[in-house]
There are 4 protein chains.
Amino acid sequence: MTTTDANFTSRTRQRWVLKIQCQDAKGLIARFAGLIQYVNGNIVDLYQHTAEDINMFFFLAYFDIDSSESIMDILKDKLDAVHQTHPIEWELHCLQQVPRLAILVSKTDHCLYELLLKKQDGQLDCSFPLIISNHMDLEPIAQHFSIPFFHLDVKNQSKAQAEAELETLLKKFSIEGVIMARYMQILSPDFCRRWPNRIINIHHGFLPAFQGAKPYHQAWNKGVKLIGATAHFATADLDQGPIIYQETLRVADTCHIQDFVKSGKDIERKVLYHAVRSYLQHRIFVHDSRTFVLE
Amino acid sequence: MTTTDANFTSRTRQRWVLKIQCQDAKGLIARFAGLIQYVNGNIVDLYQHTAEDINMFFFLAYFDIDSSESIMDILKDKLDAVHQTHPIEWELHCLQQVPRLAILVSKTDHCLYELLLKKQDGQLDCSFPLIISNHMDLEPIAQHFSIPFFHLDVKNQSKAQAEAELETLLKKFSIEGVIMARYMQILSPDFCRRWPNRIINIHHGFLPAFQGAKPYHQAWNKGVKLIGATAHFATADLDQGPIIYQETLRVADTCHIQDFVKSGKDIERKVLYHAVRSYLQHRIFVHDSRTFVLE
Amino acid sequence: MTTTDANFTSRTRQRWVLKIQCQDAKGLIARFAGLIQYVNGNIVDLYQHTAEDINMFFFLAYFDIDSSESIMDILKDKLDAVHQTHPIEWELHCLQQVPRLAILVSKTDHCLYELLLKKQDGQLDCSFPLIISNHMDLEPIAQHFSIPFFHLDVKNQSKAQAEAELETLLKKFSIEGVIMARYMQILSPDFCRRWPNRIINIHHGFLPAFQGAKPYHQAWNKGVKLIGATAHFATADLDQGPIIYQETLRVADTCHIQDFVKSGKDIERKVLYHAVRSYLQHRIFVHDSRTFVLE
Amino acid sequence: MTTTDANFTSRTRQRWVLKIQCQDAKGLIARFAGLIQYVNGNIVDLYQHTAEDINMFFFLAYFDIDSSESIMDILKDKLDAVHQTHPIEWELHCLQQVPRLAILVSKTDHCLYELLLKKQDGQLDCSFPLIISNHMDLEPIAQHFSIPFFHLDVKNQSKAQAEAELETLLKKFSIEGVIMARYMQILSPDFCRRWPNRIINIHHGFLPAFQGAKPYHQAWNKGVKLIGATAHFATADLDQGPIIYQETLRVADTCHIQDFVKSGKDIERKVLYHAVRSYLQHRIFVHDSRTFVLE
């Protein structure tokens, strides 16, 4: 490849996303859209919301650009300059550089299959460099999809040891985010704090109700008419992290508890998939322990 | 009217419903369907469910019959006879004899309108002989629909006094059931106990989450992605009575709290209407503080 | 009122919406957001979409402004100036100046009640200066809500005559848009052409299926599992105008045709309300006989 | 195995389903429930519906029984006897004897995966003895699930020849029903007639709208707000067979056609799964080219 080719490659048309949250102020959109125009980007979709009750401004712009490193550096400098006068939290991502996510599982396969199949179908723009589990049961699925599978021995070592091993793996594979796809272990508060808003968990219940164990049994005994699932970021407080997505499903009173469990799987995989997709599209803003997902 | 006319009237074709719940046993359906056939009834819709986990049998049969009092007495005797050998709870209702329900309201009108309009449209087979409120605001609506309106003074008398007045009204108008259509007062445990499974309340939240006051505010702060409403029988435990019907509604993260409140009204009226309809069609079985609604 | 008062009033803080559709080009958002900033407006919600397949750009900005006539004239001039170099269709509306809409009905009241109640509840920002019907049945509802009611005699005059009478009424009351709330008459192609994208009709079926008469009967005979309703702009082609909103409802196979009709009413009123709301919030873009509703 | 063992096995407690459809008449339920009681069966769930408009009676009873061949022969004789006096269509199935179904696919894998995973998870009580395709693409999936895969050459032979080959395979593997899981070939009217109500097809559109090719493109151009999928029995009339299940999904106006196609897959697999499940539970009655599914 010649130098010219390399230049050409590095200047290929790319889609980027600029994500900003800050206190509301006048003229913010014009300012941020102006920055994108300044570096010759073309916005194709823009989402903006002002949460008036709390005076917060959320901004999400997808734009196409003949990007080169120098151009993006200019944009970053401009954003930093804005930050000097009006504090903003900003992120800039190239959608062609797909995030590397680790999947954690135990024995249940419906969420794992969903993630792998959606990715294969081009509906999740990420890579899954490895699957980690505290059981061996799902290894054949990893093999079928040609993904390295690692067994994490949580029985014969302390939680601290197991999490150290886990983090070594995540580092080795340059993992940016973690999906708990029905991983039946609880990550330590410390671990969660080291990965803020980067661990997505699926809870098989409609939070905030029925927290903790056997939510479907609780739901059946209560005679609820809908069951649900909730995807959220894992935080130090179990099942209390910011909610990303939720869904409910009507259940007939002729259902048995086992029907709840089985039907629940369909919502779980749907909710987890949806949450991961929002994450990969950088649509999730976290503010004051709740999310604002712009879509 | 001549005797012949009277006979004719009393033998008009009518639709009845037989509702039975009991411990499961072999041959129950054949037995109960046999009884209906014995009195020459023709079953048009039958719902039956055995909750195997708890070994309970629920049976609901709608049947047409050239009914006369004597025929129905035979049926009742037969059911009592069954009860001697195998304890059953049974009810027998003629669908042409519509229940008399009282509506309790405060200031909000969306649930009241829903009930009155659905009844007017022939979708609620009942009569609403009176509307009772602790405020005067909704009297014009009662007038528009030509229904007596009574103001219940809850400010200048004790709860016991107000409830005594309420019960006098219910008795005077031969009321069989009560609908709390966003009646912002809490009925006393004693009152609820005297009207078991006959007071329907609409809670503006997806129970069991967000109990108590301002559920929509709680929901917004938590960043939930769905809001809900729950219709349940009022019991001595506030907001803990058997759930009759529930529904959720997706809310965008661009919603304000007031949007939650306003959108919530649509689910509330829908859920309350649905619950009252199930009640009027005698579809609700209560067992061990949960319902089984067969539909 | 003194001159000062008048000035004060005319400069009160107001919410406006700027709506633009045009061929896509680079820098459009920055340009339009810049114009709003130029006149000192503060954008609170912005929706933008580029339909890449057809290269169309849609832009919707809600902004707060201490508006005076001169300021808005400046904005209008700027928009016209843009139009000289890059053709755009733009609209500018003050949300405090609510549109005047006429409601057309026949004998069915569920859609009429829905509109009047939602408006009364503050969920439809418009006024309903008059109700027009080819029957007298719904006059009491108009009276209950204190709205002038006009009977349009479609039997004893030609369609042309009736429509002339209708248009005289619309003009007399300065009507900007028309809602056919189950008005069982067909407006002439000429009439529809004179009110492009300003007549909203509710069709009691899930278009494009089951066009024309008795869609619920057609649906039952076909054994469909969902019924639907569709709100659309009335055009010269019956039931073929741009779709604004749709919804479906699951129906059990134990339903009778009459159940379809009755359940259908709930979707009809919901869909019509939703469409009118989108219309009042200026969210509906029409391009090439389909809509793009940004929400 | 000794004779005693054989006896024991043949008298194990089993769950059966009795399915009957006929003209309505008085006392049918008591009669049919009585027959089940006569052979000592215990009904655990019963569904019955009378379609009054067309005077049709549908009956579905799930019952537990210590079945032996002789007992079931008695029941069959009794049913035949009923048929002599009042013509009925009846079926009797043991739920422990799971049907053998063939899956037909082309290149798309989402419906195939759904069926295989749901079966593996115990939610489809059937066996899939073989997968047949006109392409080789999905063979690895068949291998992963250890199911024989057969390639049907539809290019180098006539449709008649290919269908003969197909039927030979179905016969060889004792197949009772066929699932077209996005099999992009049209079966001949003759073939469909030989397998009445035993071929389930998934149509990627909300029938009866958008029949034929590229329904998602048609839908996008029309600007529909919901897309759908329909499972139906394949008949001689393409896409006109009795509908088994349908579902719709809201699509935003910011979606591209490709989003329709991708989102559509989720409804397709859900609808197909639901239809196959109803089929396996013997819940589908076909009468006069529509279905009545009791659930």
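To be clear, the structure that these remarks concern was listed above.
Scope of this entry: the structure provided in the associated data block. Predicted model only: the values in this text are computed from it and were never measured.

The tally for this structure, following the rule as stated, stands at 50 aromatic pairs over all chains. For the pair Tyr47(A) and Tyr62(A), a centre-to-centre distance of 6.3 Å together with 85 degrees between the ring planes defines the contact as edge-to-face. Remark: Tyr62(A) occurs in strand β3 (residues 56–66) and Tyr47(A) occurs in strand β2 (residues 42–51); sequence separation between them is 15 residues. For Tyr47(A), a relative accessible area of 16% puts it in the buried group. A network of ring pairs unites the aromatic residues Phe58(A), Phe285(A), Phe292(A) and Trp220(B) as a single cluster. Above the plane of the ring of Tyr47(C) lies Arg283(C), whose end atom (NZ or CZ) is 4.9 Å from the centre. Cation over ring: Arg290(C) sits above Phe292(C), and NZ or CZ is 4.0 Å from the ring centre.

Tallying the contact residues gives 33 residues for chain A and 33 residues for chain B. A combined buried area of about 3200 Å² lies between chain A and chain B, and 57% of that area is made up of carbon and sulfur atoms. When the buried area of chain A at its contact with chain B is split by residue, Lys222(A), Asp253(A) and Arg290(A) rank highest and sum to 21% of it. Counting the contacts that link chain A with chain B gives four salt bridges. A salt bridge links Asp253(B) to Arg290(A); its shortest N-O distance comes to 3.5 Å. Looking at the side of chain A that touches chain B element by element, the count peaks at seven residues for strand β11 (residues 243–250) of chain A. For the side of chain A that touches chain B, the residue count by class is 15 nonpolar, ten polar and eight charged.

A separate point is the relation of the copies chain A and chain B. Rotating chain A by 180 degrees and moving it 0.0 Å along the rotation axis overlays it on chain B with an RMSD of 0.0 Å. Overall, the copies show the geometry of a two-fold rotation axis. When the interface residues of chain A are mapped onto chain B, 100% of them are again interface residues, pointing to one common binding face.

Here we come to the sheet that holds strand β1 (residues 13–23) of chain D. Across the sheet, eight strands lie side by side as β4(B)-β1(B)-β3(B)-β2(B)-β2(D)-β3(D)-β1(D)-β4(D); this open sheet has antiparallel pairing. The sheet terminates laterally at β4 (88–94) of chain B together with β4 (88–94) of chain D, the two strands that pair on one side only. Between one strand and the next, the sheet's axes are offset by a mean angle of 15 degrees, whatever the strand orientation. When strand β1 (residues 13–23) of chain B meets strand β3 (residues 56–66) of chain B, the two strands line up antiparallel, connected through eleven bridges. Bridging from a neighbouring strand, Leu18(B) pairs with Ala61(B) of β3(B). Across the face of the sheet, helix α2 (residues 28–38) of chain B comes into contact with β1, β2 (42–51), β3 and β4 of chain B together with β2 (42–51) of chain D while running at roughly 20 degrees to β3(B).

Residues and elements named next belong to chain D. When you line up the elements, His232 lands in strand β10 (residues 226–233). Owing to a relative accessible area of 1%, His232 belongs among the buried residues under this scheme. A C-alpha to C-alpha distance of 5.0 Å links His232 and Ile244, two positions twelve residues apart in sequence.

Under the criterion given, the structure shown has 65 salt bridges over all chains. A salt bridge links Lys225(A) to Asp253(A), with the nearest nitrogen and oxygen atoms 2.9 Å apart. Taken together, the residues Lys225(A) in the loop between α8 (215–222) and β10 (226–233) and Asp253(A) in the loop between β11 and α9 (257–280) connect sequence positions 28 residues apart. Classification of Lys225(A) as buried rests on a relative accessible area of 4%. Overall, Asp253(A) belongs to the buried group, its relative accessible area being 5%. Close ionic contact of Glu247(A) with Arg250(B) constitutes a salt bridge, the shortest N to O distance being 3.2 Å. In this pair, Glu247(A) is assigned in strand β11 and Arg250(B) in strand β11 (residues 243–250), connecting two distinct chains. Residues joined in a network through salt bridges with shared partners are Glu114(A), Lys118(A), Asp266(A), Arg269(A), Glu114(D), Lys118(D), Asp266(D) and Arg269(D).

In this section: the interface of chain D and chain C. In this complex, chain D contributes 33 residues to the contact, which on the side of chain C involves 33 residues. In total, chain D and chain C occlude about 3100 Å² of area from one another, counting both sides; carbon and sulfur atoms represent 57% of this. Taken together, the links from chain D to chain C amount to four salt bridges. Of all elements in the fold, only β2, α8 (215–222), β11 (243–250) and β13 (290–293) of chain D reach the threshold of two or more residues within the side of chain D that touches chain C. Broken down by element, the residue count for the side of chain D that touches chain C peaks at seven residues, all from β11(D).

Reading the values: rules and limits
Residues numbered from 1 in each chain as written. Chains lettered and ligands numbered in written order. Predicted model: local features only at pLDDT ≥ 70, side-chain atom pairs only at ≥ 80, totals over all residues. Heavy atoms only, no water. Phe/Tyr/Trp six-rings, centres within 6.5 Å; stacked < 30°, edge-to-face > 60°. Helix = DSSP H or I, 4+ residues; strand = E, 2+ residues; numbered from the N terminus. Buried < 20%, exposed > 50% of the residue type's maximum accessible area, 1.4 Å probe, protein only. Lys NZ or Arg CZ within 6 Å of the ring centre and 35° of its normal. Contact = heavy atoms within 4.5 Å. Buried area = accessible area lost by both parts, 1.4 Å probe. Salt bridge = Lys/Arg side-chain N within 4 Å of Asp/Glu carboxyl O. Nonpolar A, V, L, I, M, F, W, Y, C, P; charged D, E, K, R; others polar. Least-squares fit on C-alpha atoms with pLDDT ≥ 70 in both. Pairing = 2+ DSSP bridges. Axes fitted to C-alpha atoms, helices over the stretch in contact; angles between N-to-C directions.

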